[in-house]
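Descriptive structure summary
Below are the chains, spelled out letter by letter.
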Amino acid sequence: MHAFLQRIAGGWAFLGGVLVIAIVLVTAVNVGAFLLDSLLKPVGIFVPGLPGYEDFVRLAISVAALSFFPYCQVRRGHVSVELFVQHFPPTLQNILDRMWLLCTVFVALFLGYWMIQGMLETRADHAMTSILGWDEWPWYIPGIISMALWALVCLIQTFERKTHG
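In this text the structure is predicted, and so the values were computed from the model without any measurement.

**Thoughts on the packing of helix α1 (residues 3-40) against helix α5 (residues 140-158)**
Following both chains from N to C, one finds α1 and α5 inclined at 150°, their axes separated by 11 Å at the closest point. Pair α1 / α5 crosses with left-handed handedness. Taking contact as the criterion, the partners of Leu5, Ile8, Ala9 and Trp12 in α1 are, on α5, Pro142, Ile145, Ser146, Leu149, Leu152, Val153 and Ile156. Looking at the contact of α1 with α5 residue by residue, the class counts come to 10 nonpolar, one polar and no charged.

As C-alpha cells, then:
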C-alpha cells in the first residue's frame, strides 16, 4: 500500500472523527438544554434546545460514517467471512481475495455514482434543511470523495503482491 494513500485515508477518517466529536458535543448541549428546560420550567424559566439540531446531526452523521470506509479498508477492517476459505490453498485464497477486492471497487464506484446522481437531483430541486435552511447538496461531496477513496484503496490492494492475510 502506498504510504501517501494511507495518510490520505487516515486524515480523511480523522476529519470524520472530528465531525463525530462535533455531533457528540452538539447532542450533549441539546440534551443539557432539554434537561434544564424540564428542571426550570416549573419556576417559569424556559431553556430551548438548539434550533436545527436534527438538521445538523442528520447531515453530519452521513458524512462522518462514510469517511471511515477508506481507512477501514486500508486496515483490512471490513467484515469478511473465512469459514471455509481458510482451508483453501494460499493461491486460491489470494485469487478469491483479489476477486472480492475488485467487487468492492465496483460497489464503491456504484455507490459513488448514485451519490453523484442524488447530489445533482438534490441541487436541481434546491433542497434545503427544514430549520437551518442549509443547501443539502454540498453534504454529498464528502460521501462521494469517500467512495472514490475507498475504491482507490481497494484497487491498489488488488494489485499488491500479497493481498491475503
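**Examining the nonpolar core**
A general feature of soluble globular proteins is that nonpolar side chains tend to end up buried together. Of all hydrophobic cores here, the largest spans 11 residues; its members are Leu66, Leu101, Val105, Ala108, Met115, Met119, Ile144, Met147, Trp150, Ala151 and Cys154. Residue contacts for isoleucine 144: discarding those within four places in its chain leaves Gly112, Met115, Ile116 and Met119. Tyr53, Phe56, Val57 and Ala64 belong to the second-largest nonpolar core, a separate cluster that totals eight residues.

**As for the pattern of salt bridges**
Scanning all chains against the criterion turns up three salt bridges. For aspartate 37, the salt bridge goes to lysine 41, with nearest N and O atoms at 3.5 Å. According to the relative accessible area criterion, lysine 41 is partly exposed, its value standing at 43%. For arginine 58, the salt bridge is made with glutamate 136, and the minimal N-O distance between the two is 2.9 Å.

**Side note on the packing of aromatic side chains**
Overall, the coordinates contain four aromatic pairs when judged by the stated rule. Judged by centre distance (6.4 Å) and plane angle (70°), the ring pair of phenylalanine 110 and tryptophan 114 falls under edge-to-face. Of this pair, phenylalanine 110 and tryptophan 114 both sit in helix α4 (residues 90-124), separated by four residues, roughly a single helical turn. Residue tryptophan 114 is classed as partly exposed on the basis of its relative accessible area, which comes to 48%. A ring pair is formed by tyrosine 113 and tryptophan 114, whose centres lie 5.1 Å apart and whose planes are at 80°; its orientation type is edge-to-face. Linked through ring pairs, Phe110, Tyr113 and Trp114 together constitute an aromatic cluster. The positively charged end of arginine 123 is found above the aromatic ring belonging to tryptophan 137, 4.5 Å away from the centroid.

**Let's talk about unusual backbone geometry**
Here arginine 76, not a glycine, exhibits a phi torsion of approximately 55°, which is positive. Note on placement: arginine 76 falls in the loop between α3 (69-74) and α4. Phi is positive for histidine 126, close to 55°, though the residue is something other than glycine.

**Structural notes on the environment of tyrosine 53**
Structurally, tyrosine 53 is set in helix α2 (residues 53-67). Residue class for tyrosine 53 comes out buried when judged on its relative accessible area of 16%. Residues tyrosine 53 and valine 29, 24 residues apart in the sequence, show an inter-C-alpha distance of 9.9 Å. Apart from residues lying up to four places away in sequence, tyrosine 53 is in contact with Val26, Thr27 and Asn30. Of the polar contacts made by the side chain of tyrosine 53, one reaches the side chain of threonine 27; its length is 2.9 Å.

About the thresholds
Residues numbered from 1 in each chain as written. Predicted model: local features only at pLDDT ≥ 70, side-chain atom pairs only at ≥ 80, totals over all residues. Heavy atoms only, no water. Axes fitted to C-alpha atoms, helices over the stretch in contact; angles between N-to-C directions. Helix = DSSP H or I, 4+ residues; strand = E, 2+ residues; numbered from the N terminus. Left-handed = near helix turned anticlockwise from the far one by under 90°. Contact = heavy atoms within 4.5 Å. Nonpolar A, V, L, I, M, F, W, Y, C, P; charged D, E, K, R; others polar. Core = buried A, V, L, I, M, F, W, Y, C linked by side-chain atoms within 4.5 Å. Buried < 20%, exposed > 50% of the residue type's maximum accessible area, 1.4 Å probe, protein only. Salt bridge = Lys/Arg side-chain N within 4 Å of Asp/Glu carboxyl O. Phe/Tyr/Trp six-rings, centres within 6.5 Å; stacked < 30°, edge-to-face > 60°. Lys NZ or Arg CZ within 6 Å of the ring centre and 35° of its normal. Polar contact = N/O pair within 3.5 Å; in protein donor to acceptor, adjacent residues only side chain to side chain.

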